[in-house]
Amino acid sequence: MEQYAMKGGSPLVGEVEIGGAKNAALPILAASVMTDETVYIENIPDVRDINVLLKAMGGIGVLEKRTSRHCVTINASQVHTLVVEDDNIKKIRASYYLIGALLGKYKEATVALPGGCNIGSRAIDQHLKGFRALGAQVHIEYGLIVAKAEKLVGAHIYMDVVSVGATINVMMAAAMAEGQTIIENAAKEPHVVDLANFLNSMGANIKGAGTDVIRIKGVTRLHGTEYAIIPDQIEAGTFMFAAAVTKGDVTVKNVIPKHLESISAKLLEIGCEVEESDDAVRVVASKPLLHTHVKTLPYPGFPTDMQPQITVALALGKGTSIVTESIFENRFKYVDELTRMGADIKVEGNTAIINGVDKYTGATILAPDLRAGAALVIAGLAAHGYTVVDEIQYIERGYEDFHIKLQSLGAQIEKVQTDRDFQKFKLKVG
Ligand code: EPZ
């Protein structure tokens, strides 16, 4: 099994190019099956979840061709089945976007129940409620979600919780329903807006994405398009916190600073300098980190996908910080690992009470999920001594070339497979 081995203590310094947003690319790829014409998409990140989705789409007859590492053409004119049951698709969350996309176009879809990171119960009732409101019959059998409709008809849908996935799924199905759909209490995340822009570029009529009311006038046909995915807000935020935690000076390039506002605001509160330009943000951490409080919230609030990274920083900040996780109930699993590195954190329900310590010390730890895994790597880069992070397949679900990008900022980190590799790494870095 591959692991990341690292020696901490070097400040990260330099510039890093941020890739396309995984959580925008996933629904956009799924939505590209909604036309028989060819779709060309740029800025696709080369990460595991994307590759699993592309493979599953290939399994139902979608022709997909990577024209370069980050560009893909999709043609769905040869789809031969509406049953998506690929073994790997169950492991990713975004498999369910194929329900909205296929149901919208073909009025029928059968897709394996979604998996994804184990960060909470991750209900799908709002997705099903939305499909049913549009006129579909939906049930779950043998581990599959089966959705069918004679026709889809626009409806007024109030989401009981703000859900990225449900907003996206219902938006896709409604794009090809008869008449108008209104989604109230919609998610406002940048990737929701990116999908709406993508669908509109295919001929859909979606207004209001980015606010909590989305209005969709259904169309009968969507056409081919060329589209570039937005930069990854969470990858950018992860490198920004890596700068803070290692007392570094990092510029994240190819970003939309507006999407990073809640992250920048928290970095300022804990004593970092943050400089924004048109498509870059520089984070300088020259002073000791301070404490603050943070609560995760739907966009534009502080993202749950950045909760482990900020906790890693606050655990090195002077004083007591409180982190409240309001989106997923099981997202503090990494705290035990961080405690092994010397952090002083007590978790009570959805709250972590953090007493800042002077330093982390290296340890062998497990990545429990994607974002927590990345956060533990950052902790390892700040720690005194050597750290090994195991189960890095989680990190590779969502970060492209993570260790290579960190190396380019001066991190002493390598991918290793065996203890022998680790010993060699130790000899090399001294
Ligand atoms: C998306 O998950 C992201 N995944 C997650 O990123 C991210 O953490 C999350 O949004 C929140 O921003 C993808 O985009 C593939 P939700 P999603 O539906 O859509 C409850 C990462 O690290 N809920 O917005 O599954 C749910 O239980 C991943 O990249 C219902 O109750 O999240 C949760 O408490 C991890 N019923 C809250 O809503 C539903 O039908 C928000 O979930 C749907 C959701």
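All values reported here derive from a predicted model rather than from experimental measurement.

1. Here we look at the overall build of the chain
Logical step 1: Assigned secondary structure in the chain consists of 13 helices and 24 strands.
Logical step 2: Taking 430 residues into account, the globule formula puts the C-alpha radius of gyration at 22 Å, and the chain, at 22 Å, falls close to it.
Logical step 3: Dimensions of the chain along its principal axes, counting C-alpha atoms only, are 65 × 45 × 40 Å.
Logical step 4: Residues counted as buried form 57% of the 430 residues belonging to the chain.
Logical step 5: Taking all contacts inside the chain whose residues are at least 6 apart in sequence as the whole, residues at least 24 apart take part in 72%.
Logical step 6: For the chain, the accessible surface area stands at approximately 16500 Å², while carbon and sulfur atoms represent 50% of it.

2. With respect to the sheet that holds strand S10 (residues 156-158)
Sheet strands associate in pairs through backbone hydrogen bonding, adopting either a parallel or an antiparallel arrangement.
Logical step 1: The four strands are arranged S10-S11-S13-S12 in an open sheet whose pairing can be described as mixed. The sheet is open, and its two edges are formed by S10 and strand S12 (205-207), each paired on a single side. Averaged over neighbouring strand pairs, the angle between their axes works out to 15° when direction is ignored.

3. Remarks on the pattern of salt bridges
Logical step 1: One pass over the full model with this rule turns up 21 salt bridges.
Logical step 2: Salt-bridge contacts for Glu2 lead to Lys415; the nearest nitrogen and oxygen are separated by 3.6 Å. With Glu2 in the segment before strand S1 (3-7) and Lys415 in strand S24 (residues 412-416), the pair connects residues that are 413 residues apart, well separated along the chain.
Logical step 3: Owing to a relative accessible area of 31%, Lys415 belongs among the partly exposed residues under this scheme.
Logical step 4: In this structure, the salt-bridge partner of Asp36 is Lys105, at a minimum N-O distance of 2.5 Å. Here the residue Asp36 occupies a position in the loop between helix H1 (22-31) and strand S3 (39-42), and Lys105 occupies one in helix H3 (residues 97-106), the gap between them amounting to 69 residues.
Logical step 5: Asp36 gets classed as partly exposed once you look at its relative accessible area, which sits at 43%.
Logical step 6: By relative accessible area, which is 18% here, Lys105 ends up buried.

4. A look at the site of the ligand
Logical step 1: Around the ligand sit 24 residues in total, of which Gln126, Ser163, Val164, Asp305 and Ile327 are the nearest.
Logical step 2: Between an oxygen atom of the ligand and a side-chain N or O atom of Asp305, the distance comes to 2.5 Å.
Logical step 3: Within the complex, 90% of the 830 Å² of free accessible area of the ligand lies under protein.
Logical step 4: Broken down by secondary-structure element, the contributors of at least two residues to the shell around the ligand are H1, helix H4 (125-133), helix H5 (164-175) and helix H11 (370-382).
Logical step 5: A total of three residues in the shell around the ligand trace back to one element, the largest contributor, which is H4.
Logical step 6: Of the residues that constitute the shell around the ligand, the class distribution is 11 nonpolar, six polar and seven charged.

5. Quick look at the packing of aromatic side chains
Logical step 1: Under the criterion given, the structure shown has eight aromatic pairs.
Logical step 2: Site record: aromatic cluster; members linked through ring pairs are Tyr4, Phe239, Tyr399 and Phe402.

6. Some points on the pairing of strand S17 (residues 280-284)
Logical step 1: Within S17, four of the five residues are buried, leaving the element largely enclosed by the surrounding structure.
Logical step 2: Relative to S17, strand S15 (residues 249-253) runs antiparallel, the two being bridged by five bridges. Pairing of Val252 across the sheet is with Val281, part of S17.
Logical step 3: Relative to S17, strand S16 (residues 273-276) runs antiparallel, the two sharing four bridges. Note on S17: the bridge partner recorded for Val274 is Val283.
Logical step 4: Remark: three residues form the turn of the hairpin made by S16 and S17, two consecutive strands paired antiparallel.

7. Some details on the nonpolar core
Logical step 1: Judged by nonpolar contacts, the single largest core of 83 residues is most densely connected at Leu29, Ile41 and Leu199.
Logical step 2: If you tally residues by element for this core, the top one is H5, at eight residues.
Logical step 3: Residues in contact with Leu29, not counting those within four places in the same chain, are Ile41, Ile44, Ile50, Leu53, Leu54, Met57, Val72 and Ile74.

8. Examining the environment of Leu290
Logical step 1: Looking at the secondary structure, you find Leu290 in the loop between S17 and strand S18 (293-295).
Logical step 2: Residue Leu290 is classed as partly exposed on the basis of its relative accessible area, which comes to 38%.
Logical step 3: Along the sequence, Leu290 and Ala352 sit 62 residues apart, while their C-alpha atoms lie 16 Å from each other.
Logical step 4: Once you skip the residues sitting within four places of it in the chain, Leu290 turns out to touch Glu269, Ile270, Gly271, Leu314, Gly317 and Lys318.

9. A short note on the side chain of Thr110
Logical step 1: Its location among the elements puts Thr110 in strand S7 (residues 108-112).
Logical step 2: Ignoring any residue separated from it by four or fewer positions in sequence, one finds Thr110 in contact with Leu82, Val83, Val84, Leu144, Ile145 and Val146.

10. Brief notes about the environment of Val164
Logical step 1: In this structure, Val164 sits in helix H5.
Logical step 2: Judged by its relative accessible area of 23%, Val164 is partly exposed.
Logical step 3: Along the primary structure Val164 and Val192 are separated by 28 residues, whereas in three dimensions their C-alpha atoms are 7.0 Å apart.
Logical step 4: When sequence neighbours within four positions are dropped, the list of residues in contact with Val164 reads Tyr97, Ala187, Glu189, His191 and Val192.

Cut-off values and rules
Residues numbered from 1 in each chain as written. Predicted model: local features only at pLDDT ≥ 70, side-chain atom pairs only at ≥ 80, totals over all residues. Heavy atoms only, no water. Helix = DSSP H or I, 4+ residues; strand = E, 2+ residues; numbered from the N terminus. Rg over C-alpha atoms; globule rule 2.2 N^0.38 Å. Buried < 20%, exposed > 50% of the residue type's maximum accessible area, 1.4 Å probe, protein only. Contact = heavy atoms within 4.5 Å. Areas by Shrake-Rupley, 256 points an atom, 1.4 Å probe, with all protein chains shown as cover. Pairing = 2+ DSSP bridges. Axes fitted to C-alpha atoms, helices over the stretch in contact; angles between N-to-C directions. Salt bridge = Lys/Arg side-chain N within 4 Å of Asp/Glu carboxyl O. Near = heavy atom within 4 Å. Polar contact = N/O pair within 3.5 Å; in protein donor to acceptor, adjacent residues only side chain to side chain. Nonpolar A, V, L, I, M, F, W, Y, C, P; charged D, E, K, R; others polar. Phe/Tyr/Trp six-rings, centres within 6.5 Å; stacked < 30°, edge-to-face > 60°. Core = buried A, V, L, I, M, F, W, Y, C linked by side-chain atoms within 4.5 Å.

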